[in-house]
Each structure stands twice: as C-alpha cells, then as structure tokens.
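Chain residues, written in single-letter form:
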Amino acid sequence: MNTVNTTKKSTLKTLSGFALLGLSALALSGCANKAVVSYGDAQAVETTDINFGSTDLQKVASQMTDSLLASPVVGTLTANTRPIVFVERIKNKTSEHIDTESITDSISTQLLRSGKFRFVDMGRVEAARKQLNFQNNDALVDPTKAIAFGQQVGAQYMLYGNLSSIVKSNADKADVYYKFTMRLMDLKSGLVEWADETEIRKTREKSTFGW
Amino acid sequence: MKYLVVLLTVCLLAACTNRPTTSGISVEQASAQYQQQLKVDNPALGKKLAISDVKTRQTNQLSDVVVTLSSQYKKSQYLQYQFTWYDGDGFVIKGNHSPWQSLTLFGFANVQLSGLAPTSDAVTFSLAVREVSTQAQEFKD
C-alpha cells in the first residue's frame, strides 16, 4: 500500500515537473521574449512614465488653441482682419528638459489652420535676409524680379507663456502637476488681450499586480 | 511545485492577453436628432455610461459643441475621448489634431466634454468614448 502511494506520488511529481518545464518553455519562447515592431496611434494616450509626454503636449496645444479661438476678444480682433502674431517662446520653468518650441509649433500650426491668424517667424529672419541679399546683390538674379528690401510687415500681437511644474514623491507614489499659462499681448498698447491656463496632473503608484 | 505550475499558467495567460478592448460608445451629430446617431459598441461600457445631451452653437464662426457624459456606475471610471470633425460633405478635416484625451469620471457624475471645430469648414463631429482597459493600450489601437 505504502509503495503504491509512493509510486503514485513520484509519478505525479514527474508529471508536474514536465508540465512546469513545458510551461516555462512556452512562457519564455511564446510570449515573453519576442521583439515586435509595430506602428501605433500617434494620437493615443501615452503613459510610459510620469514625465512630460506626447499626450501632455497634444492636450496643452489643443486646449490653448480652442480657448484662444473661442474667446470673445479674439472674436472681435479677427472679425474683419487676420491679425499678425509672432510667437515669442514658452519659458520652461519645470525641472525637466522639455522642447517648448514643439508646443509653440503645434499651437501656431493649429491657429494658422483655423484661418483666423497670420504669423511671422522670427526664427527664420536670418535665412530670409540671406535670400533677399542674394536676390538684390547677386549678378545671377534679374534685378527687376528681385524682391526689394523693406516690404515685410511686423507683428501686431505677441504670443508667449510659461510652463511650470510641482513634483512630489515618496517611496510608493509620485505626483506631478503641470501648469501651462499663455498670453496674447497687443504690441502697440502693451495690453494683454487674452490669457488662459491649463493644468495637468499625473500620478504614478506602485501597482499591486503585474511586473 | 503545484503552486508554481498554477502561477506559471497564470503568468503565461497574462502575458498573452495584450490585445486591449478599444470599443466604446460614440455619438455623431448630423442633425438635431443625435439620439439616433448614438452608437454603443461596447455594451458593458454602455451600461455604465450614457451620453445624455449634445449642444451645439457657433463661436467666432466656428462650430462649438458640448456633450454631456453621465456615469451610471458607483465607482470611478477611467475613460478616453476623442472628437473628430467633418466638413459639409462629410469629409474628415485633414490633419485634424484632436488626440485621445484621458478623463476620470467619478461615480454617478456628469461631465461636459467640449470640442471646438479646428476650422470654419468643420460642421459636423463625432465623439468616441472608450474605457482604458489595460496598460498595453498605450500606443495600440
């Protein structure tokens, strides 16, 4: 009786040993270790880590554009004309490295696409000057067709802003709060015609399950 | 030993299920009768969530829309929503940068989701709402 039991036990042990081996092999080969490259949705929500990410950029840009386009003051400004705006910059006052030009690029692109504003690009002044110099001073160019100096128009409004953050963390939890403020200044009078801010809160907690 | 086998099976199953549920509920505005355009692709979510009102108006010659989302569930829901805009002929507005936005809806709470048309050509819209099902959803659709 005892021997039978022992044999049974040892068979069970061997069986479960095989099962364990098989399952480990499956786990390692089938699902765990495959490098797969695929295209994802650029508009999807991204939560890889707590730092400023693509979703935050998209959210900030779309909220600021919506707020600016829907504001009554801008409605009056853009009623009969398309005001000329220049984007100064977004001051990055957070503790991270953030490409704030990317945010202003998104905002100015969306504002341009709305057909309500026109922009001058201060970042390309030198390149434009170089081209005009070439047109006006180089013997290769037909002087009657060269674009003359002194015909560009200046901006009437300046768009600028700040991005700041408050970061707090302890052993289990990290919390980051971003505040993005944006303003539109009338360059003639110096008055701030529009301002708005948007907030983002992100938290990271240790999850109970998973690895 | 037995526990290890069970654990490994669970791990194996968990590792393989990385296809998230991305269906949800959506509303499309073609006329004032938005109720007819209400679409529930995910009945489980449809029970917990309802689109109770759709309002539209013109702001600075742009279509402005507010959709009221109401929770029918006692716990918090972690959702994502996206507006898509169409012109008068039903063509999607090109380069429409309206990302999926995350939203936490508390138990039995109502929230107004507002969307503004990106250009004055955009006249109709659709709004899709879905649940955040797994971490694997991050970039996949």
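Residues numbered from 1 in each chain as written. Chains lettered and ligands numbered in written order. Predicted model: local features only at pLDDT ≥ 70, side-chain atom pairs only at ≥ 80, totals over all residues.

> Help me understand the overall build of chain B in this model?
From N to C terminus, chain B includes 3 helices and 8 strands. Reading chain B from its N terminus to its C terminus gives the helix and strand order α-β-α-β-α-β-β-β-β-β-β. In chain B, which comprises 141 residues, the share counted as buried stands at 27%. Of all intrachain contacts in chain B linking residues separated by at least 6 positions in sequence, the fraction that spans at least 24 positions is 64%. (Helix = DSSP H or I, 4+ residues; strand = E, 2+ residues; numbered from the N terminus. Buried ≥ 20, exposed ≤ 12 C-beta atoms within 10 Å, placed from the backbone. Contact = placed C-beta atoms within 7 Å.)

> Before we go on, may I ask you to explain the overall build of chain A in this structure?
A tally of regular secondary structure across chain A gives 5 helices and 5 strands. The helix and strand sequence of chain A, counted from the amino end, reads α-α-α-β-α-β-α-β-β-β. Across chain A, every contact between residues at least 6 apart in sequence was considered, and the portion connecting residues at least 24 apart equals 62%.

> In this structure, what is going on with the confidence of the model for chain B? I would like to understand it.
Caution is warranted with low-pLDDT regions, since their predicted coordinates should not be read in detail. All names here are of chain B. Considering every residue of chain B, the mean pLDDT works out to 78; 72% of them sit at 70 or more. Averaged pLDDT values over the elements of chain B bottom out at 59 in helix α1 (residues 2–16) and peak at 91 in strand β7 (residues 110–116). pLDDT under 50 marks residues 134–141. Its contacts with residues more than four places away, or in other chains, come to 20 contacts. Reported confidences for the modelled complex are a pTM of 0.76 and an ipTM of 0.72. (pLDDT = per-residue confidence, 0-100.)

> What should I look at first to understand helix α5 (residues 125–137) of chain A in this one?
Because the α-helix completes a turn every 3.6 residues, residues three or four places apart line up on one side. With 13 residues, α5(A) should reach 18 Å at 1.5 Å per residue; the first-to-last C-alpha distance of 18 Å fits that figure. The buried fraction of α5(A) amounts to 0 of the 13 residues, a small share that puts the element mostly on the outside. (Expected span 1.5 Å × (residues − 1).)

> Would you mind going over the sheet that holds strand β4 (residues 62–71) of chain B with me for this structure?
Sheet strands pair via backbone hydrogen bonds, and the direction of the pair is either parallel or antiparallel. Residue and element names in this part refer to chain B. The 3 strands are arranged β3-β4-β7 in an open sheet whose pairing can be described as antiparallel. Of all strands in the sheet, those bounded by a partner on one side alone are β3 (49–59) and β7. For this sheet, the mean angle separating the axes of adjacent strands, direction not counted, is 20°. Bridge count between β4 and β7: 7 bridges; the pairing is antiparallel. (Pairing = 2+ DSSP bridges. Axes fitted to C-alpha atoms, helices over the stretch in contact; angles between N-to-C directions.)

> Where do I start with helix α2 (residues 54–70) of chain A in this structure?
For α2(A), built from 17 residues, the straight-helix expectation of 24 Å at 1.5 Å per residue is met to within 8% by its first-to-last C-alpha distance of 24 Å. The buried fraction of α2(A) amounts to 14 of the 17 residues, a majority that puts the element mostly inside the structure.

> Teacher, can you tell me more about the sheet that holds strand β5 (residues 192–205) of chain A here?
Residues and elements named next belong to chain A. Across the sheet, which stays open at both edges, the 5 strands sit in the order β2-β1-β3-β4-β5 with mixed pairing between neighbours. A single partner strand is all that each edge strand has here, and the edge strands are β2 (118–120) and β5. Within the sheet, the average angular offset between the axes of one strand and its neighbour, ignoring direction, is 25°. Taken together, the 13 bridges between strand β3 (residues 157–169) and strand β4 (residues 173–186) define a ladder with antiparallel strand orientation. By the bridge assignment, tyrosine 160 is partnered in β4 with arginine 183. Sheet contacts for α2: β4 and β5; angle to β5, the most-contacted strand, approximately 155°. Against the sheet, helix α4 (residues 100–114) contacts β1 (84–92), β2 and β3, and its axis sits at roughly 155° relative to β1.

> Looking at this model, I keep getting lost on the pairing of β4(B). Mind explaining?
Moving residue by residue along a regular strand, the side chains alternate between the two faces of the sheet. Residues and elements named next belong to chain B. Bridge count for β3 against β4 is 10 bridges, and the pairing is antiparallel. Looking at the pairing, threonine 59 lines up with leucine 62 of β4. Turn length for the β3-β4 hairpin, with the two strands adjacent in sequence and antiparallel, is 2 residues, and the turn residue asparagine 60 shows positive phi of about 50°.

> Could you clarify how one ought to interpret the environment of B:Arg57 in this entry?
Among the secondary structure elements, B:Arg57 is positioned in strand β3. Residues B:Arg57 and B:Val111, 54 residues apart in the sequence, show an inter-C-alpha distance of 18 Å.

> What am I meant to see in unusual backbone geometry here?
Apart from glycine, the bulk of residues carry a negative phi angle, and the bulk of peptide bonds sit in the trans form. All names here are of chain B. With a phi close to 50°, asparagine 60 is a non-glycine residue in the positive phi region. Residue placement: asparagine 60 occurs in the loop between β3 and β4. We classify asparagine 60 as buried; it has 20 C-beta atoms within 10 Å. In this structure, phenylalanine 108 takes a positive phi of about 55° despite not being glycine. Mapped onto the secondary structure, phenylalanine 108 falls in the loop between β6 (101–105) and β7.

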